[in-house]
Structure formats: C-alpha cells, structure tokens
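Descriptive structure summary
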Amino acid sequence: MSTPRPGTLQHDATRIARRATCSWLAAALALLAISVLLLSAPAAHAGAAIVTLTSAQAAQTTNDHLLTELPPTIVDLPDDWSDTRPRFDGLVRYRTRFDRPAGAEPNELLALYIERVCSNVEVSLNGQRIYSGGRMTEPVTRNCHYAQLVTLPPALLQERGNTLDLQVRGHALQRVASRQRAGGLSALQIGPQALLAEQQARHRLWNVAAVQVLALTVAVLGVVMIVLGWMSRQAAYFSYYGWLSLAWALMSLRIWWRDMPWDNGVIEFLFCTAFAPVVALAVQFLLSYADLRSRWIENALALQWVLLPVTLLLGGPARLFGLANAWYVVLAVETCAAMALYLWVTKRHPRHDRRHDFWPMVAILGAGSVLVLVELAVQYDLPGLPQLPLLQLGVPVLLVAVAARLLQVFARSLQAAEAGRNTLEARVREATAEIEHNFAQLAEMRVEQVTEKERKRIAADLHDDLGAKLLTIVHTSESERISTLAREALEEMRLSVRGLTGKPVRLADALADWRAETVLRLGQANIEADWRGPTEETEQLLPARGFVQTTRILREAVSNIIKHSGASHCKVRCAITDRQFGLTVQDNGKGIPMELDGKLDRGHGMSSMKHRAKQMQGQCLVESGPGYGTVIRLTLPL
Amino acid sequence: MTNILLLEDLPEIRTWLKVLINQVFPQSQIHEAARVHDALELVSAVKFSLALCDLGLPDGSGVDVVAALREHQPECQSVVVTIHDDDDHLFPALQAGAFGYLLKEQARELIAEQLKRMSQGEPPLSPSIARRVISHFASQTRQQERPQNIPHVSLTDRENEVLLRVAKGFTLPEIGVQLNLSRHTIADYVKQIYRKLNVSSRAEAALEAQRLGLFRRQ
C-alpha cells in the first residue's frame, strides 16, 4: 500500500480539490464585486433624463375603513417608517408634484420607478389610479424585494405640475422579523420608461432572480446530499447538509411567493421560527463534519426550536422584531461558536483524508461568520439597509462552496474505496490463481503419487512373483541354456522395472554404473578393458528409459564380445555434447562374418540394439569385418 | 563349528543356497528360516557368525533381522541375498548393518566366490551404493546442532577418496592400482565405510527418535 503512486494521486486530488474550492470562493467574491459595480452604475449614466423626487407630502391613516387622515406633513424620501412614524402600521398617502423631465424626448414614454416600497403600493397620476402592486388589505401583497415600475400614460401626463399620489401599505418594524420588511418608501424616479425598465430588471436580477437561482441550486444540492447521506449512512453530515440546504431553499420561497394567504403576523412568525431548525442543522452539520457528537447540544437545539416560537407567541406580534433580533443574536453566536469549534477540532486532530480541508474551511466559515455579523448589524440598523439581500445571496454561495468540498471528500472516499476494491479484487484474483495453481499442483502430485504407487506395486509384483519363479528356474534347471535364458529374463525384468519406476539419472552416474559393470564383466572374462569417458563433470540428465535401454545395448554389446568375438581387448569411448551422447565400443576380435550377417544378427542381437536406439531417436551403427573386429557406435540425443 | 543363518522364503532357492553354503563353509551348521519372525527367534537363541538374509519376506523385511543381528550379535556378518539390485532396496540394509549383498540369480560359482570374499573381509561396493554413502555423509556433516551423546562419525580422506572413485565407476582393483594400495587395504577401507555407515545411520535414527520424542530402542 505504500507505493508512491496512490500517494501522489491523492496528493493531486487534494490539490485539485483545494484549487476548486479557491476558485469557488473567488467566483463568489467576483460575483459580489460585479453586483456592486452594476448597482452603482445607473446613477452615473441616467443623466438629466431622470428626475429623482426626494420629498413628498405624507398623510398617514390609522384605519383602512375610517380613513381618518392626519394632517399631511412634508417628509424626505426615502421615508423609513421606523424613523418617521415609529410603530405605525397601516396606510400612508404620499403626494408629490413633478414636471416632465427636461432631458426626456418629447414623445418618449415615461415611467415611475420605485426602488423600494414595502409592503405594497398603489399609484395615481393626476387623480387617476394608474397602478396597483397587488392587495392593499390583509393579506397584503409583499413587494418589499421587488422594485416597482409604473408606466405613466402619456394622455394623463402634463408638461408641468403633475400630481403623483402613492398609497403605501406597510408594517411597523416591530411587527416584522427583519428590518428589510419594515414599511417604507424609497426615493421616486421619473424618466424614460426604457431606461427605468432596464434599472428595474437589474434590480430584480440581483434581488430576486439571483436569489431564486441560488435557492434552486442549493435545493438541488440539498437533495443530492440527502441521497448521498442516505447511501452512506456513516457520514451523517451529508444528511445534515442536505436538509440544511433544503430548509434554506424553502425559506427563500418567500421571494417567489408574494401573495401568501396569511396575514403579516403569521408570515413573519413563520419566517423567524424557520431560523431555529436552519441553525440547528448548520450546527449539527459542523459538529458531525468534525466527527463530534453531543447529546447535550442536540437536546439544546431541539429545545431551542420549541422555545423560539413560544417566546414569539408570548411576546405577541407587536414585539416580534425585538424578540426576533434577540434570537438572531443567540443563533448567530451559536453558529459562530459551532464554526469555531469545528475549526479548532479539525486544526488539532486533522483527519487523514481531509488534511487539506482546513484553510478552505477557514475561508468559507470566516466569510459565513462575517455575513452573519453584517446581517445582524443591519438588523440593528448600524449601517443602514444594504442594496443587496446579503444573506440571501451570501449563504447559498457559501453552501455551494461547502457542497463542493463535501462532494470532493465524497469523490475522494469513493476513489479510495474503488482503489481498495481494486486491490482487493487483485488480491482475490491472486489468491484464486494461487489456489488453482496449488490445486493443480496437488492434483498433479496426487497423480504422480498414485502412478508412483502403482508402479511400485507392479514392480513389487514382478519381483515377488515373476522374479521368484525365474529365479527358481535359474537355480533348478538342469539345462545351462535354460538357466542362462532365465537369468537374462530376470535381468530384463529388473531393467524393465527400473525403466518403469526409475527417476532420471545423471549422465555422469549412468556412465559410472556402466563403466563399473563393463569393466567388471570384461575383467571376469579376461578381456582387457580400456574405458575413457569425459573427465569433466556434467549435470545432464538421462531419462530412466534412456538409461535402461542404453544399459541393455551396452550389456548386449559386451555379451557379444565375451561370447562371440574372441577379442582380448575392448575399447570404450564416451563423448557428451550439449545435444547428444555418443558411446563407441570397439573390440579386436574376429568380427561378424559378412555373409552370415543376417543370420548372426539374431544371435548377436544387433537388430534389437538398433531397434532400441531408434526408440530413443538415436542410432546404432555396427561396423565389422572379418579380422578387423567390431565397432558399435551408439549416438543418442539428449 | 560355526552357525550360519539362512533366511529365505522360497524353498527351492533356500535349498540351492544351502548346498552352496555347505560348499563354501563345509564345517558350518546352517539354521534355516522362511519368515522374519522365525529368524528373529533364532537370533535370540543361537549365536551366528554369518547370516544370509533375503529382503522381501512374507511377514516383513530382512532389514529387521539385519538390524537385530547388528544390535545383539555385532560379530555376526550379515549379507543380503536378494533379487533386487537397486540401491533403494540395498541401501537400507547396508545402513542397518549388512556387510554386503549377493544377487540371487548369479551363477553358483560367482556367488560362492563373492561369499568367500565377503567372509574374508572383502565386501563389494557398487557406484550407486557409493553415491548413496557419499550423500549420506554429506547430509550428516550438514546437520550442525548435534547432541553430545550422539557420536559423530566421519570418513577419513582415504575412505572418501575410495568412495569417490567407486562412485565414478572404477572397480576396487583399479582403485588399488591408482592409489598404489594393496587389495587388502582397499578392502579394509570398504569395510570401514560399511561400519561407519551403520554407526552413523544408527546415530541418525536415534537422533530422529529423540527429535520425535521417542525413547531410544533398547
């Protein structure tokens, strides 16, 4: 396992992973930067064609039905109700006058652009109602995130002194869970419709469409993670992450759904309540990702989930904002604490497979905590309302970044599992091959054993039965010829048995055996023997059959010399090369008579010698002439 | 008056051998046995100077009788008389203490001659047996850790020289000429080789028995 290849692979993988995370973060930052640039752009180029109205007469009505109007006052736009009319919840009428913008073409269609009006607006021009953003009574249409564009009908529009009436339905800051949804009206802009439509589109892109796209992305990722978590149950953080993403996406649903069938109190209560499970999931995810688990924290989070709505209910709708903000602080602290705990634990005990996880996570979680703190500051009205829904844009981007990390970790573990499986498979294959090999060897050995045993049995039978009978004939026969024949038969039998049971013989040993026998026999027959073989040791082997057949040939040749040749001297020469083995037996006897060659052959056993040599793919040549002795040349392949 | 043990299961051959022994040793008393069991009984009752033992017997191997003789009557010369000429059969008998071997089918005169030589202390030694003896002693010296009570037997240089030459196919008279030694000296070397083979084999067997946790055979 310690081969360098998997190591470098993993190293590469983590490097790529780190690069990917960095690029994610860079992309997110770039997105934010571009959006800021784009939003600040229109003010610069709108020019004289657009008139911005920054003050209006405002009259607030306490009750929709009675329409008890207070005397109008002059207010500056933007008019944040929380500043100008604290705790007011209801309808405010704004009246303002404007002239046709000087920079606009005479025939150009003009429009009114309201960047922020919360929650809803109805617009009248010169006494004619020309636009309604939706329901003006509970449940009020929630247009807080939507910039409004009202086309001004040219027929109603005068060159000078146009009266613009806006009825704004809004909620007191105390009755909403987020400052972004408190009642208010931004500055009004009047200008060419085309320009303002572009501005509205841009506003919608960043405040609505981007949030929607991110919410969708996060929802899809969430589902994927839930499935992953379901598949790999030991990694609970996948499930936590999945549900966190899904919950966030659900919370972002309010961007889509402007006309909810409940009144403001219910909706705001639900929104605020939803933060408890989201934070609980986030905390649980971080803990689980750091391989921590605490019953205590789990119970506390569950309790919080109950406690939060209970306190909101007890406080009542009029104290919603204050209570919600108190809870936001608690939740923000919890989230930041969980992040810090995660980082602390992973710094101290980095997991082997997430060694390179630390710094990307520091970046992600750092950005997350900054986001949370900024949002908290916004709620406490420290920097004023931002132009972008920071939380709605920032959190999904961070969630996506975390998802990228998670998927990398998952992919890596998948890779590791795959590699492990491959090694395992290879090992199984090896083991199987070895077992098969062993089995084959065993079977072969078994066959060999059985064959060997059977050969031994045959050999023993031959010795005990045939051998004993031949022996009896040898020693009991009256006829010398018969006992010689029986003796020869016995020798043949023994050689056969040896060929049957014998193992390969070293050629050097075979030569030694032949030499000893030949020299002994010739010596007993008073024939001078001159045997010369190779002096150097060879390790070549002769099969048992080759040994037996050669023994027979040599024995026959020596017997011929002893019986028939009348020789007094016998020369034997052996030569061994890599390929073949040669044996020459030469005597100085009377030779084999030519004319009797055929007949004598049988007695001299020449044909059987030749036949045996042929059986071994060798040859046996006999040269003889009367008075010249006999030369037998045997060559055998090795 | 000497006692000779003849262990042979085939009646004809036994008779034939008996005649032969009578020719070579006319003054001897021949005790016949056809089975290992009978032979062992004879060994415990009679003191022999020579024993001719067949190897393949109905109730066992003649090697056991050779071993018993070596154990109880070390002066007795055991000769294996067999139809097997291969060293797989002969070597165990030589290890057990046999002093030589005769091939049964050989002509009467030849056997008589060999028997006489053996009784005079000139045992035969074939190249294949010599090779077995060489490898036996080679494996003996390889075994390093050897208990103190087991005697270590090794061949002298001269004995080794003789063995090597026999293994290469030279006959004993030839070796005598080559080494400029008398026939009797060569015969003495061969006798020493046989004796040492037996001692060394017994030591090895004892070692093996010890190693297996058995008691030494008494």
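Now for a look at the structure at hand. (Residues numbered from 1 in each chain as written. Chains lettered and ligands numbered in written order. Predicted model: local features only at pLDDT ≥ 70, side-chain atom pairs only at ≥ 80, totals over all residues.)

1. Quick word on the overall build of chain A
Secondary structure summary: chain A contains 15 helices and 20 strands in total. Per-residue burial for chain A yields a buried fraction of 34% across its 638 residues. Excluding contacts between residues fewer than 6 apart, the proportion of contacts in chain A whose partners are at least 24 apart in sequence is 74%. (Helix = DSSP H or I, 4+ residues; strand = E, 2+ residues; numbered from the N terminus. Buried ≥ 20, exposed ≤ 12 C-beta atoms within 10 Å, placed from the backbone. Contact = placed C-beta atoms within 7 Å.)

2. Some thoughts on the overall build of chain B
The secondary structure content of chain B amounts to nine helices and seven strands. For chain B, long-range pairs separated by at least 24 residues make up 65% of all intrachain contacts whose partners lie at least 6 apart in sequence.

3. Focus: the packing of helix α8 (residues 172–179) of chain B against helix α9 (residues 183–211) of chain B
All names here are of chain B. Interaxial distance between α8 and α9 falls to 9 Å at its minimum, and their mutual angle equals 115°. With respect to each other, α8 and α9 are oriented roughly perpendicular. Where α8 crosses over α9, the handedness of that crossing is right-handed. Counting all contacts with α8, which are made through Leu172, Pro173, Ile175 and Gly176, the residues of α9 involved are Arg183, Ile186 and Val190. Its residues assigned to classes, the contact of α8 with α9 shows five nonpolar, one polar and one charged. (Axes fitted to C-alpha atoms, helices over the stretch in contact; angles between N-to-C directions. Parallel < 35°, antiparallel > 145°, perpendicular 65-115°, else oblique. Left-handed = near helix turned anticlockwise from the far one by under 90°. Nonpolar A, V, L, I, M, F, W, Y, C, P; charged D, E, K, R; others polar.)

4. Some points on the interface of chain A and chain B
Counting from both sides, the interface comprises 21 residues of chain A and, opposite them, 19 residues of chain B. At the level of elements, α10 (390–476), α11 (480–501) and α12 (507–524) of chain A are the ones that each hand at least two residues to the side of chain A that touches chain B. Take the side of chain A that touches chain B: its biggest share by element is nine residues, from α10(A). The residue inventory of the side of chain A that touches chain B, partitioned by class, reads nine nonpolar, five polar and seven charged.

5. Brief notes about α8(B)
Residue and element names in this part refer to chain B. By the burial criterion, the buried members of α8 are Leu172, Glu174 and Ile175. Relative to the axis of α8, the buried residues are bounded by an arc of 155° and lie together on one face. One or two steps after α8, the chain reaches asparagine 180, where phi turns positive at roughly 60°. (Arc of directions from axis to C-beta.)

6. Observations concerning the sheet that holds strand β13 (residues 188–192) of chain A
Residue and element names in this part refer to chain A. The strand order across the open sheet formed by four strands is β1-β13-β6-β10, and the pairing between neighbours is antiparallel. Looking at the sheet topology across the chains shown, the edges are occupied by β1 (51–53) and β10 (148–152). Strand after strand, the sheet turns through a mean of 25° between neighbouring axes, direction not considered. Bridging between strand β6 (residues 110–114) and β10 involves five bridges; their strand directions are antiparallel. (Pairing = 2+ DSSP bridges.)

7. Brief notes about the sheet that holds strand β3 (residues 50–53) of chain B
Residue and element names in this part refer to chain B. Read from one edge of the open sheet, five strands run β2-β1-β3-β6-β7, paired in parallel fashion. Looking along the sheet, the strands with just one partner apiece sit at the ends: β2 (28–33) and β7 (100–103). Going across the sheet, the axis of each strand differs from the next one's by a mean of 20°, ignoring polarity. Where strand β6 (residues 77–82) and β7 come together, four bridges link them in parallel fashion.

8. Observations regarding the packing of helix α7 (residues 157–167) of chain B against α8(B)
Residue and element names in this part refer to chain B. The interhelical angle for the contact between α7 and α8, taken along N-to-C directions, is 130°, at an axis separation of 10 Å. The angle between α7 and α8 falls in the class oblique. Of the two possible hands of crossing, α7 and α8 adopt the one that is right-handed. Contacts between α7 and α8 involve Glu161, Val162, Arg165 and Val166 from the former and Ile175, Gln178 and Leu179 from the latter. Of the residues assigned to the contact of α7 with α8, the class counts are four nonpolar, one polar and two charged.

9. A closer look at the pairing of strand β11 (residues 162–170) of chain A
All names here are of chain A. Alignment of strand β5 (residues 90–98) against β11, held across nine bridges, turns out to be antiparallel. By the bridge assignment for β11, glycine 90 is matched with glycine 170. As paired elements, strand β8 (residues 120–125) and β11 share six bridges and run antiparallel to each other. Of the residues in β11, the one forming a bridge with asparagine 120 is arginine 169.

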